[in-house]
Amino acid sequence: MSAPSTDPNSKQELDPITPTTVMTEHGSSVSGSINGGGSHAIVRAGGSFDSFLAPLTRDKFVGVVRDVEQKLQTVNETLSMLENLLDAQGFELILNEMLRAITLKTGELLNADRSTIWLMDDEKDELWSTLAESEDGKPLELRIPKNAGIAGEAATELKVINIPYDFYSDDRSAAAKESDRRYGYRTYTMLVMPLLSDCGKLVAVVQLLNKLKLDCRESDPLEQKIDQLGFTPEDQQLFHEFAPSIRLILESSKAFYAATQRQRAATALMNAVDSLSKCGLDLEETLKNVMDQAKELMNADRSTLWLLDHERNELWTKIPIEGKPTVVRIPSTAGFAGIVAQSGEPLLIPFDVYQDKRSAKSQETDRKADYRTCSLLCMPVFNSDDELIGVTQLINKKKQGDYPPYDPNTWPEPPEQWKASFNRNDQEFMKAFNIQAGVALQNAKLFQKVKEQEQRQKDILRSLTNGVISTDKRGNLIATNECAMELLGLTETILTEGCYVPELIHLKEGNFTRWFEAALNPQDSKDRQQYYPDQTFLSSATDHPHSINLSINSMSDIDDPAKVSGVLVVMEDISEEKEVKNLIYRYMTPEVAEQLLASGDIGLGGKRKHVTVLFSDIRGYTSLTEKLQAEEVVAMLNEYFEEMVDVVLSYKGTLDKYIGDALMAVFGSPAPLDDHPWMAMQAAVQMRNRLAQFNLKRAEKGLAEIKIGMGLHSDEVVSGNIGSSKRMELTSIGDGVNLASRLEGASKQYGTDLIISENTYHPYAERLIVRELDIITVKGKSKPVRIYELVGIRPEYLTQPLLASPEISTTQQQIIDHYHQGRQYYLKPAIEKLGSEDIAKVLDDLNRQSDGQLKKLSYDEPRLLAEMLLQLSLEQLLEILGANSLGQLALGQFKAMTTEELETKVLEKVTQLTVQDTRQLLTYKLKQFTVDLALQQHLEDLAQEMSMAQIRKLIDLARKRFALKAKEAFRAAKREFIEVLNIDPKNKAAKLHVDRCILYETTTPPHETWDGVWQLTEK
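Predicted model only: the values in this text are computed from it and were never measured. All chains use their own residue numbering, which begins from 1 and follows the written sequence. Predicted model: local features are reported for residues with pLDDT of at least 70 only, side-chain atom pairs are reported and counted for 80 or more only, and whole-chain, interface and lining totals are derived from all residues. To obtain the side-chain values, all non-hydrogen atoms of the structure were used and water was disregarded.

### What to know about the sheet that holds strand β20 (residues 564-573)
Quick reminder of the rule: Only strands joined by at least two bridges in the DSSP assignment are considered to pair. Numbering of helices and strands runs from the N terminus, with a helix taken as a DSSP run of H or I at least four residues long and a strand as a DSSP run of E at least two residues long. Orientation is described by axes fitted as lines to C-alpha atoms, over the contacting stretch for helices, and by angles from 0 to 180 degrees between their N-to-C directions.
Pairing in this open sheet of five strands is antiparallel, and the strands run β17-β16-β20-β19-β18 from one edge to the other. Whereas interior strands pair on both sides, the edge strands pair on one side only; in this sheet they are β17 (477-480) and β18 (529-537). Between one strand and the next, the sheet's axes are offset by a mean angle of 20°, whatever the strand orientation. Relative to strand β19 (residues 546-556), β18 runs antiparallel, the two being bridged by seven bridges. By the bridge assignment for β19, Phe 537 is matched with His 546.

### With respect to the pattern of salt bridges
Pairing of side chains with opposite charge becomes possible as their charged atoms draw close. What counts, and what does not: By definition, a salt bridge exists where a carboxyl oxygen of Asp or Glu is found within 4 Å of a side-chain nitrogen of Lys or Arg. Residue burial is assigned from relative accessible area. The probe radius is 1.4 Å, only protein chains are included, and a residue is buried under 20% of its type maximum, exposed over 50%, and partly exposed in between.
The tally for this structure, following the rule as stated, stands at 46 salt bridges. With its nearest N and O atoms 3.5 Å apart, the salt bridge here joins Glu 716 to Arg 608. Taken as a pair, Glu 716 in strand β24 (residues 707-723) and Arg 608 in strand β21 (residues 605-619) lie far apart in primary sequence, 108 residues in all. Owing to a relative accessible area of 34%, Glu 716 belongs among the partly exposed residues under this scheme. Residue classification places Arg 608 among the exposed residues on the basis of a relative accessible area of 60%. Where Lys 657 meets Asp 656, a salt bridge forms, and the shortest distance between an N and an O atom there is 2.6 Å.

### Digging into the nonpolar core
In plain terms, the rule: We define a nonpolar core as any set of buried Ala, Val, Leu, Ile, Met, Phe, Trp, Tyr and Cys residues linked to one another through side-chain atoms lying within 4.5 Å. Whether two residues touch is decided by their heavy atoms; if any such pair falls within 4.5 Å, the residues are in contact.
Formed by 43 residues in total, the largest nonpolar core has its most connected members in Tyr 640, Phe 667, Ile 706 and Leu 768. Elements with a minimum of two residues in this core: β21, α19 (630-650), β23 (662-667), α20 (676-700), β24, β26 (754-757), β27 (768-777) and β28 (785-793). Setting aside chain neighbours within four positions, we find Tyr 640 in contact with Ser 616, Ile 618, Asp 661, Leu 691, Phe 694, Ile 706 and Ile 708. With 40 residues, the next largest nonpolar core counts Leu 864, Ala 866, Met 868 and Leu 926 among its residues.

### What to know about the sheet that holds strand β12 (residues 324-331)
Spatial strand order, β12-β11-β10-β15-β14-β13: six strands in an open sheet with antiparallel pairing. Of all the strands in the sheet, the pair left with one neighbour each is β12 and β13 (347-349). Averaged over all pairs of adjacent strands, the angle between their axes in this sheet comes to 25°, without regard to strand direction. Across three bridges, strand β10 (residues 300-309) lies against strand β11 (residues 314-321) in antiparallel orientation. Pairing of Leu 308 across the sheet is with Leu 315, part of β11.

### Structural notes on the packing of aromatic side chains
Put simply, the test is: Classification of ring pairs rests on two measures: the distance between centres of Phe, Tyr or Trp rings, Trp counted by its six-membered ring, which must be within 6.5 Å, and the angle between planes, read as stacked under 30 degrees, edge-to-face over 60 and tilted in between. A ring has a charge above it when a Lys NZ or an Arg CZ is no more than 6 Å from the ring centre and no more than 35 degrees off the ring normal.
Scanning the entire structure with this criterion turns up 20 aromatic pairs. Between Tyr 354 and Trp 411, the ring centres sit 6.1 Å apart and the planes meet at 65°, which makes this aromatic pair edge-to-face. Here the residue Tyr 354 occupies a position in the loop between β13 and α10 (360-369), and Trp 411 occupies one in the loop between β15 (388-397) and α11 (424-463), the gap between them amounting to 57 residues. Tyr 354 sits in the buried class, given a relative accessible area of 11%. Ring geometry for Tyr 826 and Tyr 1000: centres 6.5 Å apart, planes at 45°, overall tilted. Taken together, the residues Tyr 826 in helix α23 (residues 810-826) and Tyr 1000 in helix α35 (residues 988-1001) connect sequence positions 174 residues apart. Judged by its relative accessible area of 8%, Tyr 1000 is buried. In textbook terms, an aromatic cluster arises when at least three aromatic residues are bridged by ring pairs, as seen for Tyr 826, Phe 970, Tyr 1000 and Trp 1010. Positioned over the ring face of Tyr 819 is Arg 771, at 4.5 Å from the centre of the ring.

### Quick look at the environment of Thr 232
With respect to the helices and strands, the residue Thr 232 is situated in the loop between α6 (222-225) and α7 (233-278). Taking the C-alpha atoms as reference points, Thr 232 and Asn 162, 70 residues apart in sequence, are found 8.6 Å from one another.

### Quick word on the environment of Leu 649
Position of Leu 649 relative to the elements: it lies in helix α19. Here Leu 649 falls in the buried class, since its relative accessible area comes to 17%. Taking the C-alpha atoms as reference points, Leu 649 and Phe 667, 18 residues apart in sequence, are found 9.5 Å from one another.

### Concerning helix α32 (residues 915-927)
To be explicit about the condition: Any helix carries an expected span of 1.5 Å times its number of residues minus one.
With 13 residues, α32 extends 19 Å from end C-alpha to end C-alpha; this agrees with the ideal 18 Å at 1.5 Å per step. Counted residue by residue, α32 has ten buried out of 13 residues, so it is predominantly covered. Along α32, the residues classified as buried are Asp 917, Thr 918, Arg 919, Leu 921, Leu 922, Thr 923, Tyr 924, Lys 925, Leu 926 and Lys 927.

### Points about the packing of α32 against helix α33 (residues 933-945)
How we decide: Should the near helix be turned anticlockwise from the far one by less than a right angle, the crossing is left-handed, and should it be turned clockwise, the crossing is right-handed. Charged means Asp, Glu, Lys or Arg here, nonpolar means Ala, Val, Leu, Ile, Met, Phe, Trp, Tyr, Cys or Pro, and polar covers whatever is left, Gly included.
Where α32 contacts α33, the axes come no closer than 9 Å and their chain directions differ by 145°. Note on packing geometry: the crossing formed by α32 with α33 is right-handed. Within the contact between the two elements, α32 uses Arg 919, Thr 923, Leu 926 and Lys 927 and α33 uses Gln 936, Leu 939, Glu 940, Ala 943 and Gln 944. The residue inventory of the contact of α32 with α33, partitioned by class, reads three nonpolar, three polar and three charged.

### A few points about unusual backbone geometry
Between Tyr 165 and the following residue, Asp 166, the backbone shows a cis peptide bond with an omega angle of 5°. Along the chain, Asp 166 falls in the loop between β7 (160-163) and α5 (174-183). Trp 411 connects to Pro 412 through a cis peptide bond whose omega is 10°. The residue Asn 111 is not glycine, and still its phi comes out positive at about 55°. Within the element layout of this structure, Asn 111 appears in the loop between α3 (91-109) and β4 (112-121).

### Points about the side chain of Thr 304
Within the secondary structure, Thr 304 is located in strand β10. Here Thr 304 falls in the buried class, since its relative accessible area comes to 17%. When near neighbours in sequence (up to four residues on either side) are disregarded, Thr 304 contacts Met 291, Thr 317, Val 391, Thr 392 and Gln 393.

### A few points about the pairing of β20
With seven of its ten residues buried, β20 lies for the most part within the structure. In terms of strand pairing, strand β16 (residues 467-471) meets β20 through four bridges, oriented antiparallel. When the sheet's bridge partners are listed, Val 468 is paired in β20 with Val 570. In terms of strand pairing, β19 meets β20 through nine bridges, oriented antiparallel. Among the inter-strand pairings, Asn 553 is bridged to a residue of β20, identified as Leu 568.

### What to know about the environment of Phe 894
Residue position: Phe 894 is located in helix α30 (residues 891-895). Placed eleven residues apart in sequence, Phe 894 and Lys 905 show a C-alpha to C-alpha distance of 8.0 Å. Ignoring anything within four residues of it in the chain, the contact list for Phe 894 reads Leu 869, Leu 870, Leu 902, Lys 905, Val 906 and Lys 909.

This is how it looks when you write it as structure tokens:
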């Protein structure tokens, strides 16, 4: 060992602490522990015991023997004590207590304020200590990388580091300063010494802080107690004297602890493997057993076995949720288990998992589940063919000892009992365990597959709508399905008895027994495969006969195909019920048809139902087909309808009827459908995409493309079987059906292929991409409806993938934005009318009018009043004029007149109005210039104080003000619609609005009662 520096203020880097070497009389060196004054060497480092004992005198020999005897007795007593304590509380607690005592004693002997012994963990390549205590006073395990900090420097370079006063001036003190600040401490001096084994391997690092004066008092502040000379060479030499004893105790304790743990783990592994070998073949039982055994084996708080589903590319397991076994599935790439499933390699994350950058999802899950993940061990499970079949996941290694249950309110603080880590020994034991688990799981999965195949065969038989009977080679029944049992009136008792099949089947005509025996003993292929259509089956289960198609087939022996192992009898029911099924299957999916049949609602008559009606029509059908032969037209329509109807049925719609080149579909009838608008809209968008694919195929053949228009409306209709007893049709009628048809026709005028009503749109607005086209009244209807072009569906809401991308282009979005802005300007006169500022200006203008100007009006008052009588309802007129005037004018009869009569009678009614009636109507007219209720009341109050001339002039001024404001709005709207045409010159909806804006700007300004509704005159 090199001589240490005598300068207490210098940074000292000395030799590590190794066992003291004692020279024997013959010069051979032996390693020994120096205990106080002159103990003998008892551990031989070199040479032989013969050479060591030969020169000893009797007295010396007796002394050596007694010394050895004393030490062996000490070892024996120590082992006995450890064994007793081990049974009581576990060796981990003993080791912690031993470390604490040695650490405190070391600090006391060297007069240090604080001392720490960092043990070397070779498996994790870390330094760890349990000297520090948590808030509850229990030992807290601290771990740092082997090369971290000053202790790590001493550990990696195997050198003594002595940092004198003042420690903070040393370049390496940054981390310690931060730690001191956090814990309210101050480090002035430091001594760090590595402790090595005989072979020079690191056992531990001893770290001493703050050398204290010998004469200081405990109550003095720390800065007054500090010996500024720091730790001296004498301190190091003193430690040299008892270092070998400390090293021996630590090495022995660690070795004994490791051996005990290995023995316990090996016993637990044997018990776990034995338990697995005894478990049954049930997959669910095996899953639970593997998880329970793994948790017990590894002393984990939780364990999960994830099985790999290659077909779905998922990991799944079955765990109890609210007391019920529940299957949980996750993507095979999700979480830590997914990492192992993808790599096939183990994943060990020691305490603390939350420090791992991949733990974000784990933390989120913990927060929801009131849990705290602290350590983790994920291991792959392979079968006997070395194929990955699952992942075992162990969570939270548990410490020895009694601890309170985990309190979720402390999250994310880790509980004391889980401040531990799985290690490589755990990993090796789990690897051995997983080999046995893989065998058990493979056996269970094979057994499960056999059970599934057996169940599948039963399900296939059960799902068949035909009666199926199988027999053995003697003709006795061995298996059948529910349909055959119902037809034959069979019971479970008859099935178990295995009766002769010809005794069960009786036909009105035909010899079933002869046919059956021919199949049992076939002479040729005709005997092996027999088919007898339209047979009348006499069933004991029902009072009336059944019409069936009968098949009798021989079943070949698996070993010798020439021989027969039995007969398969198939009975197809073609009775009236089945004919009805076949009929309605043409109009709807089997699922919807079964719902309808189950309801029993298939008779004559209709019921009111909320549905969505879809109309679709081919554009330019006449020009498309005028050059085609009739056969070519039929072929084209059949191909086209095949595509469209397939889409309708796939979204649970019902084909109502074909109307030439058009089709009508109903969603929500005859079988109810809760989300019928949503399903109808998806179907319409899919029809658009399917048509695009269809046209590509036609283009490849040199054929013209087909264009369609569609209209959708949701409403209450009368739906059911309508017609006569001899011919009836599943259909829907009502205003809702008519409006859907009108919307399909309107799609042509607006230049779009798909229009939906506001009833259909609003419940699902957030899922759709639309362009609000207009507010219209269709021919034959007075109630306006707001209509939308369905541009697309937002991808995240689709229930089925679309053939084409659901995303809309930037150009489409620009068109929608400009069009929407144009509509806002366009509807501004109807929505806003005149505001308070406008009315104030009009009243100012009125106040400036002379008597002569008051008499000059730009409108015809009788014509104005006539318009009001025509436009206002009886209820409104009753509110304005009162019941007496309404009766005297006979306005009830007047309202019942036809349009032609009204035109000739309305001016006559105006002449019958009294002055009071006229004032009341003109006052109401004033209120029509604003939508503000408070402003309407204000105008009504003012009118009470005005003369008739003032009221008339105020109306005249308000009309001019309204017309001016409306023109400004229409000019702004026109600019936006022109922007749409600049992007898409063929946009008919924008062109329509440009023409309207020009009309309202120039020749026909809008009336103050204008509501933005456009009346369609075409069908």
